[in-house]
Amino acid sequence: MVKIEPTWGRILKDEFEKDYFLKLIHFVRQQYTTQVCYPPGPLIFNAFWQTPIDQVKVVILGQDPYHGPGQAHGLCFSVRDGIPFPPSLKNIFQEIHAETGAPVPATGDLTRWARQGVFLLNTCLTVRQHQAFSHSNQGWETFTDAVISTISRHCNNVVFLLWGAPAGRKATLIDPHKHHILTSAHPSPLSAYRGFFGNNHFIRCNDYLVRHGKQPIQW
């Protein structure tokens, strides 16, 4: 059974009842019945379970889930304990170390961030095994755009970390007068050296949170 924290359930109730979302759920159920898909069904909305909307301090936006066995568990860029770090996650940890001196952690499970208020959202929440973007253009992007807009309206002084061009385009959904938007290249090895490394997003994020009376994130 999918788990979603009650505050999200209430604030997204109307979205869950829209025609496009009902068609999306039908598609996802059919895919999970006939194909190998990720993340496991109960973890599709894991980001919404770990981080209630009234606790969101930071939003990190990914694309679609990892599509290899055992990797995806419903938090963008995160992998379960014991799973080797994917390249983008390696680069994220490398940048955190360069900025803060914090050692690279032993686990790639970012639940520890989610429980501090970092909402780890993929723009597409499901995928077929070994087929990146295979569940794109089925309705997930409409839903996650609505989620970003809801956070912008409902919350105050949230830091949005938008890495790469697709994430950067979501800035149009966010009120820049209420929130802090940081954009850069994506941490993928294909682009990390073109502006992700050295972006100082993790320090800049925490500086903003502290200025607005919030606890910084222990990256």
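Residues numbered from 1 in each chain as written. Predicted model: local features only at pLDDT ≥ 70, side-chain atom pairs only at ≥ 80, totals over all residues. Heavy atoms only, no water.

Colleague: What am I meant to see in the overall build of the chain here?
Modeller: A tally of helices and strands in the chain yields nine helices and six strands. Whereas a compact globule of 219 residues would reach a radius of gyration of roughly 17 Å, the chain reaches 17 Å, a difference of no more than 12%. Over its C-alpha atoms, taken along the principal directions, the chain stretches across nearly 45 × 35 × 25 Å. When burial is assessed residue by residue, the chain has 53% of its 219 residues classed as buried. Working note: accessible area of the chain is about 10,300 Å², and carbon and sulfur atoms make up 54% of it. Between the averaged position of the 20 positive side-chain charges in the chain and that of its 15 negative side-chain charges there is a distance of 1 Å. (Helix = DSSP H or I, 4+ residues; strand = E, 2+ residues; numbered from the N terminus. Rg over C-alpha atoms; globule rule 2.2 N^0.38 Å. Buried < 20%, exposed > 50% of the residue type's maximum accessible area, 1.4 Å probe, protein only. Areas by Shrake-Rupley, 256 points an atom, 1.4 Å probe, with all protein chains shown as cover. Lys, Arg positive; Asp, Glu negative; His and termini not counted. Charge placed at Lys NZ, Arg CZ, Asp CG, Glu CD.)

Colleague: How should the pairing of strand β2 (residues 58–62) be read in this particular structure?
Modeller: Residues in a regular strand point their side chains to alternate faces of the sheet. Most of β2 is tucked away: five of the five residues are buried. Alternating positions in β2 separate into two faces, V58, I60 and G62 on one and V59 and L61 on the other, with burial throughout. Bridge count between β2 and strand β3 (residues 118–122): five bridges; the pairing is parallel. Bridge pairing links L61 to L121 in β3. (Pairing = 2+ DSSP bridges.)

Colleague: Got a minute to help me understand the nonpolar core in this structure?
Modeller: One broad trend across soluble globular proteins is that nonpolar side chains are buried collectively. Counting residues in hydrophobic clusters, the biggest one holds 64 residues, and the most contacted among them are F48, I60, W113, I151 and W219. Each residue touching I60, except ones within four places of it in the same chain, is listed here: C76, F77, W113, V118, F119, L120, L121, L161, W163 and W219. (Core = buried A, V, L, I, M, F, W, Y, C linked by side-chain atoms within 4.5 Å. Contact = heavy atoms within 4.5 Å.)

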